[in-house]
Amino acid sequence: MSIQVVLTQPFTDQKPGTSGLRKPVRVFQQPNYLENFIQSIFDSQEGIGGKTLVLGGDGRYYNRQAIQTILKMAAANGIGRVLVGCGGLLSTPATSCIIRENKAYGGIILSASHNPGGPDGDFGVKFNISNGGPAPEKVTEAIYARSREIQRYQILQAADVNIDRIGSFKLGTMDVEVMDPVASYLKLMESLFDFDRIKDLLTSGNFSMCMDSMHAVTGPYAKRIFEETLGAQPGTVINGEPLEDFGGGHPDPNLVYAKALVEKMFADEAPDFGAASDGDGDRNMILGRKFFVTPSDSLAILTANAHLVPGYKDGLKGVARSMPTSSAVDRVAQKLGIDCYETPTGWKFFGNLLDADKVTLCGEESFGTGSNHIREKDGLWAILFWLNIIAVRRQSVEEIVKAHWQEYGRNFYSRHDYEEVDPTRAAELVEYVRSQFSSLPGRQFGKYTVALADDFCYTDPVDGSVSKNQGLRIVFTDGSRIVFRLSGTGTKGATIRVYLESYEPDANKHHLDTQLALKHLIAIAEEIAQIKKFTGMDAPTVIT
Ligand code: G16
């Protein structure tokens, strides 16, 4: 076996976005494209030689080929040991767990998260650091800088490693351990939740659940946890077999894409509890019988009920949410007397707060919730958290949510996405809104008066780093908000996200339909941003 040094030329588009480098598969299939990025990771990380890395992906098309390439490059670059998920599978939360458990240098996760897969779909590479979390901006900037000047990469000339059998192998001088993707993660979940109580609930005969793994990575995890360990009926997990193209679906757990689950949960004989997770297992959606829980409400409810769950019964240090996430959790934090932090979109911004023990739970409107147990959002963890709460309270999802609104008021919340917009027009819309910042404060729109209009800027309270231009906020005097932001994860054109939030303390109005309750704000958003004019679209492409 010998190390081959391959001459290459930089690609100019390898700047990681909100969550790693995400591109169409065909871009990654260009000669040297994946190799350049991986070599840029190795070159920019000091002291990585001889260390342990964790490697796996969500099973999408190109996962297996990429794993072989990365293993050979790791061996050629002097990595000491790579822990790889059997079959090339590791969910993002499990990767974080395994990095932490093994005190690894970091990990490489192959996933484009909730984006579609297959030869015409997307692929992605994320680099996580030793705390188990996504690389912070200074690390991704260094990788990007390296990718712009790279001239060569190193790869071992060797046969492929058998990644379908658990065991240890040598690749050159590097150790490769092919491991059970589920075991460590399951152990961690058992340490946090009351499995006996959840098992009682699931085997009681009067509680049923449906878990939609969307033909993505959580299938094997969900079957092992819910059906084999917790005694849920066989068939509880649907779409449980990971497929390279996710069965042609879009593995994004929301009301639009988790079709199979939504149909079941809104039918007459619906199960009591429904949940879904995304491509790489870090997102979640929670449903009750004919009832949808917004991710923002979910975070607030987990926070308010954390004392019922063994892993969190001693109290929470604090909570954090991304800026566009509704402020429902802020109200709970206030009542609990704990700090609530507002960060930019992107899980990486929670890392420092978690490491410094300033927060215990965190979450985002984009169907992500998590805690200090790892450094990624965690879909199955959120689902187990809900089951644990239900097992203790013995109430339905709807009862739990409505009781929460009764106590704290309801934050009506919705996100309108305009996808595949011409990037120039999207940038013009942003500029147009920004140009009104000085004239908006004090302006009245019906019952709403603008209190603040700005471009969200975050100063990390732990390391003082500053992240600018993180979304345009229009905040009204009653706390209602409209936020405009360009997505950092799309791969086709630009995606404009419009986040709308309105607070309603009056319980007599909590039953209102969300879009109806937000209709004035929706109209104001149109008036301020001229969305129809800039996008040429009459309506959002996705409403969540
Ligand atoms: C990623 C990030 C999340 C972010 C989401 C949406 O999630 O980890 O923090 O909220 O993208 O980002 P954007 O609005 O920029 O598209 P995932 O599940 O795709 O890794």
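Bear in mind that the values here come from a model prediction, so they are computed numbers and not experimental data. (Residues numbered from 1 in each chain as written. Predicted model: local features only at pLDDT ≥ 70, side-chain atom pairs only at ≥ 80, totals over all residues. Heavy atoms only, no water.)

### Describing the domain arrangement of the protein chain
Logical step 1: Its domain assignment divides the protein chain into domain 1 (2-181), domain 2 (185-408) and domain 3 (410-543).
Logical step 2: Its C-alpha centre places domain 1 at a distance of 28 Å from the equivalent point of domain 2.
Logical step 3: Domain 1 puts 36 residues into the contact, and the matching count from domain 2 is 37 residues.
Logical step 4: Interface area for domain 1 against domain 2, summed over the two sides, is near 2600 Å², with a carbon-plus-sulfur share of 56%. (Domains from an automatic or database assignment. Contact = heavy atoms within 4.5 Å. Buried area = accessible area lost by both parts, 1.4 Å probe.)

### Digging into the side chain of S147
Logical step 1: Tracing the sequence through the fold places S147 in helix 5 (residues 137-147).
Logical step 2: What makes S147 buried here is its relative accessible area of 0%.
Logical step 3: Those residues in contact with S147 that sit more than four places away from it in its chain are P10, F11, Q14 and S40. (Helix = DSSP H or I, 4+ residues; strand = E, 2+ residues; numbered from the N terminus. Buried < 20%, exposed > 50% of the residue type's maximum accessible area, 1.4 Å probe, protein only.)

### Regarding the packing of helix 4 (residues 92-101) against helix 6 (residues 183-192)
Logical step 1: The N-to-C vectors of helix 4 and helix 6 enclose an angle of 85°; their axes lie 9 Å apart at closest approach. When the axis of helix 4 is compared with that of helix 6, the two are roughly perpendicular. Contacts between helix 4 and helix 6 involve P93, A94, C97, I98 and E101 from the first element and S184, Y185, K187 and L188 from the second.
Logical step 2: Class assignment of the residues belonging to the contact of helix 4 with helix 6 gives a composition of six nonpolar, one polar and two charged. (Axes fitted to C-alpha atoms, helices over the stretch in contact; angles between N-to-C directions. Parallel < 35°, antiparallel > 145°, perpendicular 65-115°, else oblique. Nonpolar A, V, L, I, M, F, W, Y, C, P; charged D, E, K, R; others polar.)

### Describing helix 8 (residues 218-229)
Logical step 1: Those residues of helix 8 that fall on the buried side of the exposure criterion are T218, G219, Y221, A222, I225, F226 and E227.
Logical step 2: Trailing helix 8 by a residue or two, G231 shows a phi angle of about 80°, which is positive.

### Things to note about the pairing of strand 8 (residues 167-171)
Logical step 1: As judged from the five bridges shared by strand 8 and strand 9 (residues 174-179), these two strands associate in the antiparallel manner. Bridge pairing links L171 to M174 in strand 9.
Logical step 2: The antiparallel hairpin formed by strand 8 and strand 9 contains two residues in its connecting segment, where G172 sits at a positive phi of about 60°. (Pairing = 2+ DSSP bridges.)

### Structural notes on the packing of helix 2 (residues 33-44) against helix 3 (residues 63-76)
Logical step 1: Two elements in contact, helix 2 and helix 3, have axes whose closest approach is 11 Å; the angle formed by their N-to-C orientations is 40°. Comparing their axes, helix 3 and helix 2 come out oblique. Helix-helix and strand crossings are classified by hand; for helix 2 and helix 3 the assignment is right-handed. Contacts from L34, E35, I38, Q39 and F42 of helix 2 reach helix 3 at A66, T69, I70, M73 and A74.
Logical step 2: A per-class count over the contact of helix 2 with helix 3 returns seven nonpolar, two polar and one charged. (Left-handed = near helix turned anticlockwise from the far one by under 90°.)

### A short note on the packing of aromatic side chains
In this description, a pair of aromatic rings is defined by centroid distance and the angle of the planes.
Logical step 1: What the rule picks out here adds up to 15 aromatic pairs.
Logical step 2: Between Y62 and F123, the aromatic rings sit 5.3 Å apart at their centres with planes inclined by 80°, giving edge-to-face as the arrangement. Residue Y62 is found in the loop between strand 3 (52-57) and helix 3, and its partner F123 is found in strand 6 (residues 122-128); the two are separated by 61 residues along the sequence. This pair shows no difference in class: Y62 is buried, exactly as F123 is.
Logical step 3: Their ring planes at 55° and their centres at 5.3 Å tell us that Y448 and F476 sit as a pair that is tilted. Placement of Y448 in strand 21 (residues 448-455) and of F476 in strand 24 (residues 472-476) is noted, with a sequence separation of 28 residues between them. Each member of the pair, Y448 as well as F476, is classed as buried.
Logical step 4: A network of ring pairs unites the aromatic residues F11, F28, Y33, Y62 and F123 as a single cluster.
Logical step 5: Positioned over the ring face of Y408 is K335, at 5.2 Å from the centre of the ring.
Logical step 6: A cation sits over an aromatic face here: R410 above W405, 3.9 Å from the ring centre. (Phe/Tyr/Trp six-rings, centres within 6.5 Å; stacked < 30°, edge-to-face > 60°. Lys NZ or Arg CZ within 6 Å of the ring centre and 35° of its normal.)

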